[in-house]
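Listed below are the residues making up each chain.
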Amino acid sequence: MVLTYFVSTIGIEDYSVDQLEKMLTSAGIIKFKYPRKYESQVRTSRDGTGNEFYSMNIIVGDDEGSYVEGGSIFGYSALNEYNSVR
């Protein structure tokens, strides 16, 4: 299972993957269980108006369980009680 966060690069253009993860954890957005099995993947992109942003893909779980604490993780489904739009 993967969560993707989109974050503007303004003021944090030179952040490393570790610094970006620390930013999310210090803001209380995500709390990792350690040790982690997978490294987050980060890339930069631009939106339709030219603004640069980070796309952060974070592995939050697999068949063996969750790698984050708190929150709810729901497996992907094309249509279920949480996603009623096709």
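Residues numbered from 1 in each chain as written. Predicted model: local features only at pLDDT ≥ 70, side-chain atom pairs only at ≥ 80, totals over all residues. Heavy atoms only, no water.

## A word on the environment of G65
The test is simple: Starting at the N terminus, helices and strands are each numbered in turn, a helix being any DSSP run of H or I of at least four residues and a strand any DSSP run of E of at least two. When accessible area is computed with a 1.4 Å probe and restricted to protein chains, residues below 20% of their type maximum are described as buried, those above 50% as exposed, and intermediate ones as partly exposed.
Take G65: it is sitting in strand β5 (residues 65-66). Residue classification places G65 among the partly exposed residues on the basis of a relative accessible area of 25%. In this structure the C-alpha to C-alpha distance between G65 and M1, which are 64 residues apart in sequence, comes to 9.6 Å.

## Describing the packing of aromatic side chains
To keep things clear, this is the line we draw: Stacked, tilted and edge-to-face are the three classes applied to pairs of Phe, Tyr and Trp rings, where Trp contributes its six-membered ring and a pair requires centres within 6.5 Å; stacked means planes under 30 degrees apart, edge-to-face means over 60, and tilted covers the rest.
Under the criterion given, the structure shown has two aromatic pairs. Ring geometry for F6 and F53: centres 5.9 Å apart, planes at 70°, overall edge-to-face. Highlighted residues: F6 in strand β1 (residues 2-8) and F53 in strand β3 (residues 52-59), separated in sequence by 47 residues. The exposure class of F6 is exposed, given its relative accessible area of 58%.

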